[in-house]
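Chain and residue survey
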Amino acid sequence: MTESKVYKPILIVAAFLFLTLFLVLPLLIIFIGAFSQGFYVFWYSITEPAARHAIFLTIIVLIITVPLHTLFGLTAAWALTKFRFRGRQFIITLIEIPFAISPVIAGLIFIILYGVNGFFGEWLIDNDLQVIFALPGIILATMFVTLPFIARELIPLMEAQGTDAEEASITLGAGGFRTFYHVTFPAIKWGLLYGVILCSARAIGEFGAVSVVSGRIRGATNTMPLHVEILYNEYQFASAFSIALLMSLFAIFTIIIKQIVERKQHLR
Amino acid sequence: MSITIKDINKVFGKTPVLKDIHLNVRQGELLALLGPSGSGKTTLLRIIAGLEHVTKGDIYFEDKNVTHEGAQDRSVGFVFQHYALFPHMKVKDNIAYGLRVRKRKSRLPNVKITEKVQELLRLVKLEAFGDHYPNQLSGGQKQRVALARALAINPSVLLLDEPFGALDAQVRKELRKWLKTLHKQTGVTTLFVTHDQEEALDVADQVVVLKDGEIIQRGTPINIYESPNSPFMYRFLGNANELNGVVTKDGVSIDGLTFVSEWTHTIGAEIVGYIRPHEISISHTESSEHQLAVTISSIHHVGPVVFIEAKRKHGEKENVEIELSKSKFDELSIRVGDHMYARIDRLRTFESEDYCI
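Described below are features of the structure shown in this document. If you're wondering where the values come from, they're calculated on a predicted model, not measured in any experiment.

Some points on the side chain of arginine 149 of chain B
Its place among the elements puts arginine 149 of chain B in helix H5 (residues 139-152). Here arginine 149 of chain B is in contact with Ala168 and Leu172 of chain A together with Tyr83, Ala84, Leu85, Phe86, Asn94 and Ile95 of chain B, once residues within four sequence places are set aside.

As structure tokens, then:
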């Protein structure tokens, strides 16, 4: 018997045990927790006004953040990979900063900038605008945290593809927009979708930065993850798990799509 | 369409890549831009295509100044080394691309486009592959699709950037032949970039050799090979033996032996003589005094040709490379260690001061 024959099953079993302990079991707990007081409590927990508002707010954040980042990611990746200019590497590094900064710090930065005592605080009050403890703040914080996802997915992809195909398209008489639509976009669409999925997942799940700027006003500035935490702190475990289950289902859904996208990407 | 390039300069950052390039390409010519890497040949091609801006100078297509026209409007067919096919489009859609992206008024009706694509597929001998995707084709087939795609727009000029560089030797040879035929059929003014001397000499009507952003020599392939105008050209186009010598009133003296050079020099000047390996005859016996005494140091067979390394017995004792046909070699029955006499059939000399590489 060779060594690999001994180690292979041991390693596989170990991996399965590990995954069960850290991934499957928690998901199972969420599922059990959500239905621990029956289906009615679960249903109520996800349809009562405060929950509905949290879901609504999260969706609003999602549909503002993701399209903006799609646009930003595409433009940034296009500019950074199809052209060579001074400061290019610096901008690439800059884009990754949100990965390195703790979300809580990110939230605090926005408080310092837009809070009542912040840099723009007075101006904002004078003009009757509220950023912190309101939707704009939540969106800003979410955008900060999710900024790298799409751009970072696209930059290496477009870098690897080079500029030959675009140049071929231009010499064949196509303009910039046609070239993007017919040549660049088809080549990056799966990568883009992948980035969008990651960005969406994070936009929905972001807790730290949002919790700092939102003020956690129930029914007003609570997103889904914040709502889960509040419910949990109030010992409403079944309700907390219900919302958590909803979020987990979305996460699983994105992972399935991600798998499909990855397969498509490999087939190309 | 003829191309006139006037005083083109190109600087990347602070590095000059092209210096005062003047070049005329006549209508229907097949011209090779040949040079070592970094010589600026690809940059020149890209400038003609409009893919790169010039720092200074002008480009004319016929009498029209196109310097400030973008690549989109120049109507050039450009073929890339790595094909640059659109991977998500079928072969036929790749070829039709240039016809389909035209503005509505100048666009051909779909039926005509389909016809034209069929015609081009026939031209590049890929009739059966119209519905394939690029990744289902071999390298040579891909490059033929790229050519068909470039020809679809009836380009005024066809530009090819190392078109066969990524292909293996056998396919490369076939495509070279095929490109020549295609050029005869279409008559499009064609420029191609290559670093392969053999390819340039084989395919082109005219060869332009570039080095460090300057044109070193231009001429027909025969002209370029037979009469290199500088030591660089001698070294770059095929092998050459180098022998140092001095100019005397009788000719060129290399270690006491006097030779006749094709070029005249001032008496007393130091020169470097260049001899092609096949321009040396070799014999076992000394027949005249103008022969170099050598010892055979190695013999190397490459198919029908035999390369012989011989060490000179006198002077600087350099190695001399000699190229013989297999039959000649067998006739002489040469073995390593033989003492022989080498006669120089043809010698080109350059004064040492213009000797620089």
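Next, the rest of the story.
Quick notes on the interface of chain A and chain B
Contacts between the two partners involve 17 residues from chain A, matched on the other side by 22 residues from chain B. Where chain A abuts chain B, roughly 1,700 Å² becomes buried across the two surfaces, and 63% of that area is made up of carbon and sulfur atoms. Of all residues in chain A, Glu167, Thr171 and Leu172 of chain A give up the largest surface area on contact with chain B, accounting jointly for 39% of the area buried on that side. Here arginine 46 of chain B and glutamate 167 of chain A are joined by a salt bridge, their closest N and O atoms 2.6 Å apart. Our count for the contact surface shared by chain A and chain B stands at four residue pairs in polar contact (both at pLDDT 80 or more). Of all the elements in the fold, those that place two or more residues in the side of chain A that touches chain B are helix H10 (164-171) and helix H11 (176-205) of chain A.

So, the packing of helix H3 (residues 49-82) of chain A against helix H8 (residues 135-146) of chain A
All names here are of chain A. Put simply, H3 and H8 touch, their axes get as near as 10 Å, and they point 50° apart. Between H3 and H8, the interaxial angle falls into the category oblique. Classified by chirality, the crossing of H8 by H3 is right-handed. Where H3 abuts H8, its residues Leu57, Ile60, Val61, Ile64, Thr65, Leu68 and His69 lie against Leu135, Ile138, Ile139, Thr142, Met143 and Thr146. The residue inventory of the contact of H3 with H8, partitioned by class, reads nine nonpolar, four polar and no charged.

A look at the sheet that holds strand E11 (residues 241-248) of chain B
Residues and elements named next belong to chain B. One open sheet holds the five strands; their spatial order is E13-E12-E11-E14-E20, and the pairing between them is antiparallel. Looking at the sheet topology across the chains shown, the edges are occupied by strand E13 (257-259) and strand E20 (348-351). For this sheet, the mean angle separating the axes of adjacent strands, direction not counted, is 40°. Judged from the three bridges that link them, E11 and strand E12 (residues 251-254) form a sheet pairing that is antiparallel. Considered in E12, the bridge of valine 246 is made with serine 253.

A few points about the sheet that holds strand E3 (residues 30-34) of chain B
Residue and element names in this part refer to chain B. Read across the open sheet, the six strands follow the order E6-E7-E8-E3-E9-E10; overall the sheet is mixed. Each edge of the open sheet carries a strand with a single partner, namely strand E6 (76-79) and strand E10 (214-219). Within the sheet, the average angular offset between the axes of one strand and its neighbour, ignoring direction, is 15°. Across five bridges, the pairing between strand E9 (residues 206-211) and E10 is antiparallel. Each residue of the ladder has a partner; that of valine 209, found in E10, is glutamine 217. Strands in contact with H5 are E6 and strand E7 (157-161); relative to E6, the strand with the most contacts, it is inclined by about 170°.

Regarding the nonpolar core
Residue and element names in this part refer to chain B. By size, the foremost hydrophobic cluster in this structure holds 44 residues, and its most contacted members are Ile95, Leu147 and Val209. Top element by residues in this core is H5. It accounts for seven residues. If near-sequence neighbours (up to four positions away) are discounted, leucine 147 is found in contact with Val79, Leu158, Leu160, Trp178, Leu179 and Leu182.

Remarks on a nonpolar patch on the surface
Together, Phe18, Leu19, Leu21, Phe22, Leu23, Val24, Leu25, Leu28, Ile29 and Ile32 of chain A give the surface a local cluster of nonpolar side chains, amounting to about 970 Å² of exposed area. Take isoleucine 32 of chain A: it is sitting in helix H1 (residues 3-34).

Re helix H6 (residues 169-186) of chain B
Since the α-helix turns once every 3.6 residues, residues separated by three or four places project in the same direction. All names here are of chain B. In a regular helix each residue adds 1.5 Å, so 18 residues correspond to 26 Å; H6 covers 25 Å between its end C-alpha atoms and thus fits that length. The complete set of buried residues in H6 reads Leu175, Arg176, Trp178, Leu179, Leu182 and His183. Buried residues in H6 make contact with E3, helix H4 (110-123), H5, E7, strand E8 (189-194) and helix H7 (197-203). Looking one or two residues past H6, glycine 187 carries a phi angle of roughly 70°, positive in sign.

A word on the pairing of strand E4 (residues 56-61) of chain B
All names here are of chain B. Where strand E1 (residues 3-12) and E4 come together, five bridges link them in antiparallel fashion. Bridging across to E4, asparagine 9 finds its partner in lysine 56. In terms of strand pairing, E4 meets strand E5 (residues 64-65) through two bridges, oriented antiparallel. Within the sheet, the bridge partner assigned to phenylalanine 61 lies in E5 and is lysine 64. Joining the antiparallel neighbours E4 and E5 is a turn of two residues, in which glutamate 62 adopts a positive phi near 55°.

Some thoughts on unusual backbone geometry
Backbone geometry places aspartate 128 of chain A, a non-glycine residue, at a positive phi of 60°. Locating aspartate 128 of chain A in the fold gives a position in the loop between helix H7 (121-126) and H8. The exposed category is assigned to aspartate 128 of chain A, whose relative accessible area is 69%. The phi dihedral of asparagine 154 of chain B is positive, around 45°, even though this residue is not glycine. Classification of asparagine 154 of chain B by relative accessible area gives exposed; the value is 53%.

A short note on the packing of aromatic side chains
Enumeration over the complete set of coordinates arrives at 22 aromatic pairs over all chains. Taken together through their ring pairs, the aromatic side chains of Phe31, Phe35, Phe39, Phe42 and Trp43 of chain A make up a single cluster. Lying over the aromatic face of phenylalanine 232 of chain B, lysine 211 of chain B brings its terminal NZ or CZ to 5.1 Å of the ring centre. For arginine 276 of chain B, the ring lying beneath its charged end belongs to tyrosine 225 of chain B, and the centroid distance is 4.4 Å.

Brief notes about the pattern of salt bridges
Per the counting criterion, the structure on display carries 27 salt bridges over all chains. One salt bridge in this structure joins lysine 82 of chain A and glutamate 166 of chain A, with 3.2 Å as the shortest N-O distance. Remark: glutamate 166 of chain A occurs in helix H10 and lysine 82 of chain A occurs in helix H3; sequence separation between them is 84 residues. As far as burial versus exposure is concerned, lysine 82 of chain A and glutamate 166 of chain A are alike and both buried. The residue aspartate 330 of chain B makes a salt bridge to lysine 326 of chain B at a minimum N-O spacing of 3.2 Å. Highlighted residues: aspartate 330 of chain B and lysine 326 of chain B, both in helix H10 (residues 326-332), separated by four residues, approximately one helical turn.

A look at the environment of leucine 44 of chain B
All names here are of chain B. Counting through the fold element by element, leucine 44 comes out in helix H1 (residues 41-49). Relative accessible area serves as the criterion here: at 0%, leucine 44 is assigned to the buried category. Separated by 196 residues in the primary sequence, leucine 44 and alanine 240 have C-alpha atoms spaced 29 Å apart. For leucine 44, the contacting residues outside a window of four places in its chain are Ile5, Leu18, Ile21, Leu23, Leu33 and Leu210.

What counts, and at which threshold
Residues numbered from 1 in each chain as written. Chains lettered and ligands numbered in written order. Predicted model: local features only at pLDDT ≥ 70, side-chain atom pairs only at ≥ 80, totals over all residues. Heavy atoms only, no water. Helix = DSSP H or I, 4+ residues; strand = E, 2+ residues; numbered from the N terminus. Contact = heavy atoms within 4.5 Å. Buried area = accessible area lost by both parts, 1.4 Å probe. Salt bridge = Lys/Arg side-chain N within 4 Å of Asp/Glu carboxyl O. Polar contact = N/O pair within 3.5 Å; in protein donor to acceptor, adjacent residues only side chain to side chain. Axes fitted to C-alpha atoms, helices over the stretch in contact; angles between N-to-C directions. Parallel < 35°, antiparallel > 145°, perpendicular 65-115°, else oblique. Left-handed = near helix turned anticlockwise from the far one by under 90°. Nonpolar A, V, L, I, M, F, W, Y, C, P; charged D, E, K, R; others polar. Pairing = 2+ DSSP bridges. Core = buried A, V, L, I, M, F, W, Y, C linked by side-chain atoms within 4.5 Å. Buried < 20%, exposed > 50% of the residue type's maximum accessible area, 1.4 Å probe, protein only. Patch = residues over 30% accessible without salt bridge, like charges linked within 9 Å, V, L, I, M, F, W, Y side chains within 5 Å. Areas by Shrake-Rupley, 256 points an atom, 1.4 Å probe, with all protein chains shown as cover. Expected span 1.5 Å × (residues − 1). Phe/Tyr/Trp six-rings, centres within 6.5 Å; stacked < 30°, edge-to-face > 60°. Lys NZ or Arg CZ within 6 Å of the ring centre and 35° of its normal.

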